[in-house]
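Residue-level structure breakdown
These are the residues of each chain, in order.
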Amino acid sequence: MPYQFNPCAFDPTSLGIYIHIPFCVRKCAYCDFYSLSAKKALMEQYHCGLMQTIKTLGMQHRGRRVDTVYFGGGTPSCYPVEYLAEAVEAVHRNFAVTQDCEWTVECNPDSANRPWLRAVKAIGINRLSMGVQSADDAQLQRVGRLHDFETAKQSFYTAREEGFDNLSLDLIYGLPNQSMESWQSSVEALLALQPDHLSCYGLKLEKGTPLFMQRSELTLADDDEQADMYLWMVDRLEQEGLCQYEISNFARQGKHSRHNLRYWLGQDYLGLGPAAHSYVNGIRSAVPRSLEAFCCGAEAGQTTWGSEIQIDASERVREYVMLGLRTCWGISIEELRQRFGLSAEPLEDQLRWFASYQWAEQTEGRWHLTPEGYLRSNALIGRLEEQLEQILTEQNMV
């Protein structure tokens, strides 16, 4: 049964906030996100900048209702919990936070112990995203994770005991030496915990990471093997009530990530911290990947700089198609006409061709990709973008 949600019910005037906590005890071998060693002096420096930035942005966006706040990283669970509490209080003080706001914190099992879980629950965090990645201890060790699966299980159970009823777990497929059998074992082990949400990603070897530099020595699943892992997972999770609502995300009904859905639906969000991105009032902007630059900018009253792009009408159409097709909600040819004044019937012809190969399907007037289509999403969306460019040119929208 497909996941049910109605993006039209979302308040388009509301705002999401992403806060990047750029600290880790140790960087994982596959990670290329901006992060630093969790040293006390660096965290103190960052926290001063963060508090000033929250205040500055609150003044700039006075009156905007905030309904999602997401602490990502890095590893927010290695950040002092008193700093997290001060950040939560500062958001409340400087923004109009809704009563039902979704407050998410990413955490690692090795640092999400009972005192930490109890403390973050007390400050109002109501959703956790826990980086488990695998149930195979050898695989965890190979990619530099600090926990074993027993620690992950205990952290999960403790979170339940402390009252968290919205728990998401991360998994990676295609890890070094991971067979279909070991992947299935990991999925089954996490399903036994009965999480509310799963984020499942295929391993990508990012340039500059230890795994990328060791790639010639690794035994990795090829594209076909990763595809088999993915399709098996989609079917297995749906059997357990975790239905796919985005390429890599699965949830029980009502437990989708409201914050991440903002990105895919093109809704406004602020990004705070080094390397964070924002999209507000049709403008995309970014903060440099530098703690020093972030802190200096915060002191000067700057919030985003280095890159600022005004998204014009044609780019909004492109993003509507590209991001919408990541979700089970998909896109509507009629909505393209109503929202953007675009006649896009040739785009529908292309989608019908995809449907003939079971890569896409139409439900209640909306086109969305199938699991097989998600596997080919880059190529399929690329073809749609070529068709879209021709349509935009013909209708004088470029």
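Quick note: structure is the one above.
So, here's what we can say about the structure.

Thresholds, definitions, all that
- Residues numbered from 1 in each chain as written.
- Predicted model: local features only at pLDDT ≥ 70, side-chain atom pairs only at ≥ 80, totals over all residues.
- Heavy atoms only, no water.
- Pairing = 2+ DSSP bridges.
- Helix = DSSP H or I, 4+ residues; strand = E, 2+ residues; numbered from the N terminus.
- Axes fitted to C-alpha atoms, helices over the stretch in contact; angles between N-to-C directions.
- Parallel < 35°, antiparallel > 145°, perpendicular 65-115°, else oblique.
- Left-handed = near helix turned anticlockwise from the far one by under 90°.
- Contact = heavy atoms within 4.5 Å.
- Nonpolar A, V, L, I, M, F, W, Y, C, P; charged D, E, K, R; others polar.
- Expected span 1.5 Å × (residues − 1).
- Buried < 20%, exposed > 50% of the residue type's maximum accessible area, 1.4 Å probe, protein only.

Here strand 12 (residues 277-280) pairs with strand 13 (residues 283-286) via four bridges, running antiparallel. When the sheet's bridge partners are listed, V280 is paired in strand 13 with I283. Where strand 12 hands over to strand 13, the hairpin turn is made up of two residues, of which N281 adopts a positive phi near 55°.

Running from amino to carboxyl end, helix 11 (residues 313-324) crosses helix 12 (residues 333-340) at an angle of 155°, the nearest separation of the two axes being 12 Å. Relative to helix 12, helix 11 is oriented roughly antiparallel. Crossing handedness for the pair helix 11 and helix 12: right-handed. Mapping the contact onto sequence places R316, V317, Y320 and V321 in helix 11 and E335, L336, R339 and F340 in helix 12. A class-by-class count of the residues in the contact of helix 11 with helix 12 yields five nonpolar, no polar and three charged.

Another aspect to go through is helix 11. One full turn of an α-helix is made of 3.6 residues, so residues set three or four places apart face in the same direction. A rise of 1.5 Å per residue sets the reference length of helix 11, with its 12 residues, at 16 Å; its end C-alpha atoms lie 16 Å apart and thus fit the reference within 8%. Of all the residues in helix 11, the buried ones are S314, V317, R318, E319, Y320, V321, L323 and G324. Lining the buried residues of helix 11 we find helix 9 (258-265), strand 13, helix 12, helix 13 (345-355), strand 16 (366-369) and helix 15 (377-394).

Any functional reading would require information that these geometric values do not contain.
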